[in-house]
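# Coordinates in review
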Amino acid sequence: MSQQPSAPGLPKRFYTSVTSKESGSGWKICLDGKALKSRKGGVLVVPTVVLADAIVAEWDAQDAHIDLSQMPMTRLHMSAHDLSEGDAASIREEIARYAASDLLCYRAEAPVELVRRQAKIWDPIIQSVEQTLGLKFVSAAGIVFQDQPNESIKRVNQIAEPLGAGELIFFRVSLGVTGSAILSLAIWTGLIDPEAAFSASRIDEEFQIEKWGRDAEAEQATARRKQEFTDATTYLTLARASHQES
């Protein structure tokens, strides 16, 4: 009998079956009939059946060892499930901070092709978010700080206040990857698809790549960030229904 490769630091798979069970507040994930617990020890409750199915599939796909790095829906939902009031407040504040100095509001002064590319891609996104959410942003050329209207920041705070834990986890990841509250809000409202949002966040980087060529190490880092972003947007799609229905 051949031995399976070892996996240092990873716990061994200790269960045979993975199922989901509806409960009063959602669905529980059961390993051999026992409810899965979060990192903080509470029973993990999943708000939607589609997210429960995705988490079940991740646990069922584990081989001899459990590798949480390959289980993005599980990781993200555990983070959402264990989100403290303090952490939730910090994420809400972070959304407003990014809106106050948003990537899309700082434009290149040169070269002309980059200036045009930013305007072509970013302006329609900003306009859609403004019209949909009642916001107003001011763009500026260069890196000198540009104040945003106080009413817009107040409005962003109003939008952030009722966000559920799953949505806040999405924003935490999206803000870090894209550097933009505007892009994150555009995804949250369904105004732009995640692929287009990720591309929009990388206009400057891609322009430099066209000029100087690609770097293998940088490409790998970009791929990891894109996967993290894709996982977060998928999680938002699966998890947010419960908040919208409440």
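Note that the structure is predicted; figures quoted are calculated from it, not measured. (Residues numbered from 1 in each chain as written. Predicted model: local features only at pLDDT ≥ 70, side-chain atom pairs only at ≥ 80, totals over all residues. Heavy atoms only, no water.)

### Some words on helix H6 (residues 165-178)
Test applied: In DSSP terms, a helix is any run of H or I states spanning at least four residues, a strand is any run of E spanning at least two, and both are numbered starting from the N terminus. Expected helix span is given by 1.5 Å per residue-to-residue step, counting one fewer step than there are residues. Relative accessibility under 20% of the residue-type maximum defines a buried residue, over 50% an exposed one, and the middle range a partly exposed one, all with a 1.4 Å probe and only protein chains included.
In this model H6 runs 20 Å from its N-terminal to its C-terminal C-alpha over 14 residues, within 8% of the 20 Å that 1.5 Å per residue would give. Among the 14 residues that make up H6, eleven are buried, leaving the element largely enclosed by the rest of the structure. Just beyond H6, the residue with positive phi is Gly179, at close to 70°.

### Concerning the packing of aromatic side chains
Definition in use: The aromatic pairing rule takes the rings of Phe, Tyr and Trp, using the six-membered ring of Trp, and pairs them if the centres are within 6.5 Å, calling planes under 30 degrees apart stacked, those over 60 edge-to-face and the rest tilted.
All told, the structure shown has five aromatic pairs when counted by the stated rule. With 5.2 Å between their ring centres and 70° between their planes, Phe170 and Phe171 make a pair best called edge-to-face. Phe170 sits in the buried class, given a relative accessible area of 0%. Taking relative accessible area as the criterion, Phe171 reaches 1% and is therefore assigned buried. An aromatic cluster is built from Phe14, Tyr15 and Trp59, whose rings are joined through pairwise contacts.

### Topic: the pattern of salt bridges
How we decide: What counts as a salt bridge is simple: a side-chain nitrogen of Lys or Arg found within 4 Å of a carboxyl oxygen of Asp or Glu.
Counted under the stated rule, the structure contains nine salt bridges. The closest approach of N and O atoms between Lys154 and Glu151, which form a salt bridge, is 3.7 Å. With Lys154 and Glu151 both in helix H5 (residues 150-160) and three residues apart, the pair spans about one turn of that helix. Its relative accessible area of 49% is what places Lys154 among the partly exposed residues. Here Glu219 and Arg214 are joined by a salt bridge, their closest N and O atoms 3.0 Å apart. A relative accessible area of 29% places Glu219 in the partly exposed class. One connected set of salt bridges, linked through shared partners, spans Arg202, Glu206, Arg214 and Glu219.

### Some thoughts on the pairing of strand E1 (residues 18-23)
Formally: A pair of strands is treated as paired once DSSP finds two or more bridges between them.
Of the strand pairs in this sheet, E1 and strand E2 (residues 26-31) are connected by six bridges, and their pairing is antiparallel. Bridged to Ser23 within E2 is Gly26. Where E1 folds back on E2, the antiparallel hairpin that results is connected by two residues.

### Regarding the confidence of the model for the chain
Let me state the cut-off plainly: A score from 0 to 100, pLDDT tells how confident the predictor is in each residue. Note on contacts: a residue pair is in contact if any heavy atoms of the two residues lie within 4.5 Å.
On average, residues of the chain carry a pLDDT of 93, and 94% of them reach 70 or more. Below a pLDDT of 50 lies the segment residues 242-246, which in the model reaches six contacts outside its immediate sequence neighbourhood of four places, other chains included.

### Focus on the environment of Val156
Tracing the chain through its elements places Val156 in helix H5. Sequence separation between Val156 and Val144 is twelve residues, and the spatial gap between their C-alpha atoms is 22 Å. Residues contacting Val156, with those up to four places away along its chain left out, are Ile95, Ala96, Ala99 and Leu135.

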